[in-house]
Amino acid sequence: LIFIAAPRWMVIAALGVAFGAWWGFWFAMLAAWVASLAAFGATRGVLREVIRARLSHRSWFASLENAMRGGGGLKISFLLRLNPLVHFTISSWALGLTAVSFSSYALGTLLGMIPMSAVFAYAGETVGCALLDDTPLPPASKMGLFLGLGALTVVSLIPFLVSWLRRRRLAP
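What counts as what
- Note on numbering: residues in each chain are counted from 1, in written sequence order.
- Given that the model is predicted, a residue must reach a pLDDT of at least 70 before its local features are reported, and side-chain atom pairs must reach 80 or more before they are shown or counted; all residues, however, enter totals for whole chains, interfaces and linings.
- Side-chain metrics in this entry use all non-hydrogen atoms of the structure; hydrogen atoms and water are not considered.
- In this description a helix means any DSSP run of H or I spanning at least four residues, a strand means any run of E spanning at least two, and both kinds are numbered starting from the N terminus.
- Residue exposure (1.4 Å probe, protein chains only): buried if accessible area is under 20% of the type maximum, exposed if over 50%, otherwise partly exposed.
- Whether two residues are in contact is decided by their heavy atoms: any pair within 4.5 Å suffices.
- For accessible areas, the Shrake-Rupley method is used with a probe of radius 1.4 Å. Any residue's cover is judged against the shown protein chains and nothing else.
- Counting rule for charge: Lys and Arg are taken as positive, Asp and Glu as negative, and neither His nor the chain ends is counted.
- To locate a charge, the coordinates of NZ of Lys, CZ of Arg, CG of Asp or CD of Glu are taken.
- Residue types Ala, Val, Leu, Ile, Met, Phe, Trp, Tyr and Cys, when buried and joined through side-chain atoms within 4.5 Å, form a set referred to as a nonpolar core.
- We define a salt bridge as a side-chain nitrogen of Lys or Arg found within 4 Å of a carboxyl oxygen belonging to Asp or Glu.
- Pairs were defined over the aromatic rings of Phe, Tyr and Trp, the Trp ring being its six-membered one, requiring ring centres within 6.5 Å. Orientation was assigned from the angle between planes: stacked under 30 degrees, edge-to-face over 60, tilted for the rest.
- We call a charge positioned above a ring when the Lys NZ or Arg CZ atom is no farther than 6 Å from the ring centre and deviates by at most 35 degrees from the ring normal.
- In the analysis that follows, any N or O atom pair within 3.5 Å is treated as a polar contact, provided that within protein one partner can donate a hydrogen and the other can accept it, and provided that, for residues neighboring in sequence, both atoms belong to side chains.

### What to know about the overall build of the protein
Part 1: Scanning the protein from N- to C-terminus turns up eight helices and zero strands.
Part 2: Going from the N terminus to the C terminus, the protein shows its helices and strands as α-α-α-α-α-α-α-α.
Part 3: Principal-axis analysis of the C-alpha atoms gives the protein an extent of 60 × 40 × 20 Å.
Part 4: Counting the 172 residues in the protein, one finds 37% classified as buried.
Part 5: In the protein, the share of contacts with a sequence separation of at least 24, taken over all contacts with a separation of at least 6, comes to 78%.
Part 6: By element, 74% of the accessible surface of the protein is carried by carbon and sulfur atoms, the whole surface being about 10100 Å².
Part 7: Distance between charge centres in the protein, computed from 14 positive and 5 negative side chains, equals 21 Å.

### Here's the deal with the nonpolar core
Nonpolar side chains in soluble globular proteins tend to be buried together.
Part 1: One finds Ile12, Met113, Met116, Phe120 and Leu152 to be the most contacted residues of the largest nonpolar core, which totals 13 residues.
Part 2: When contributions to this core are tallied by element, the ones reaching two or more residues are helix H1 (8-46) and helix H6 (102-133).
Part 3: No other element matches H1, which puts six residues into this core.

### Considering the pattern of salt bridges
Part 1: Counting across every chain of the model gives three salt bridges.
Part 2: Measuring nitrogen to oxygen at the nearest pair gives 3.3 Å for the salt bridge that ties arginine 48 to glutamate 65. Highlighted residues: arginine 48 in helix H2 (residues 48-55) and glutamate 65 in helix H3 (residues 59-68), separated in sequence by 17 residues.
Part 3: With relative accessibility at 5%, the residue glutamate 65 sits in the buried group.
Part 4: Here glutamate 65 and arginine 52 are joined by a salt bridge, their closest N and O atoms 3.6 Å apart. A residue pair is termed long-range when its members are at least 10 positions apart, and glutamate 65 in helix H3 and arginine 52 in helix H2 qualify at 13 residues.
Part 5: Beyond isolated ion pairs, a larger network of salt bridges with shared partners links Arg48, Glu49, Arg52 and Glu65.

### Observations regarding the environment of glycine 124
Part 1: Of note, glycine 124 is situated in helix H6.
Part 2: The class of glycine 124 is buried, set by a relative accessible area of 5%.
Part 3: Taking the C-alpha atoms as reference points, glycine 124 and valine 11, separated by 113 residues in sequence, lie 9.4 Å from one another.

### Things to note about the packing of aromatic side chains
Part 1: Here the structure, examined in full by the defined rule, presents seven aromatic pairs.
Part 2: With 5.9 Å between their ring centres and 45° between their planes, tryptophan 9 and phenylalanine 120 make a pair best called tilted. Of this pair, tryptophan 9 sits in helix H1 while phenylalanine 120 is found in helix H6, placing the two residues 111 residues apart along the sequence.
Part 3: By relative accessible area, which is 16% here, phenylalanine 120 ends up buried.
Part 4: An aromatic cluster is built from Phe19, Trp23 and Phe27, whose rings are joined through pairwise contacts.
Part 5: Above the plane of the ring of phenylalanine 88 lies arginine 81, whose end atom (NZ or CZ) is 4.0 Å from the centre.

### Some remarks on the side chain of threonine 109
Part 1: Within the fold, threonine 109 resides in helix H6.
Part 2: Within polar-contact distance, the side chain of threonine 109 engages the side chain of arginine 81 at 3.4 Å.
Part 3: Reaching out from threonine 109, the side chain makes a polar contact with the backbone oxygen of tyrosine 105 at a distance of 2.9 Å.

The following block contains the structure:
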């Protein structure tokens with residue numbers, strides 16, 4: 001997952017098909033978390049100082065560095081992981097270039113991955129197994145998928161809501 005930029009939802013769903021929702025969820029969480037920590041660490045160790053030297057005179061980069069210090073890095077890491085539109089691997093590399101602490105990055109990433117991993121592991125198990133067995137989905141499974149995807153959609157909107165509220169608060 002670090003170097004092959006495979007869509008995370010596909011990997012999670014495949015693990016749900018292969019191991020069931022429960023174990024697929026845990027395998028997906030562990031694999032994605034370890035891969036994200038490796039990508040973060042590799043970028044932090046190899047490129048951070050080179051990029052900082054080139055961008056340190058830019059005001060937006062200084063603002064980003066300040067936002068990542070303290071609890072801001074935890075919040076930003078968490079919110080990035082909630083948003084399925086933000087590419088997982090690229091955000092791991094990008095966060096490695098910032099001043100976010102390793103512990104804030106690791107915790108924010110771990111917590112932010114939970115909703116997507118849970119929904120797609122369940123979807124992989126229910127839909128994938130129904131397709132493999134050539135059987136229709138039971139109504140309870142359809143309702144579970146509908147509720148899970150709805151909840152994931154609502155959770156995915158949290159970063160946008162936080163950004164919108166912040167802009168409204170800062171606007172004159």
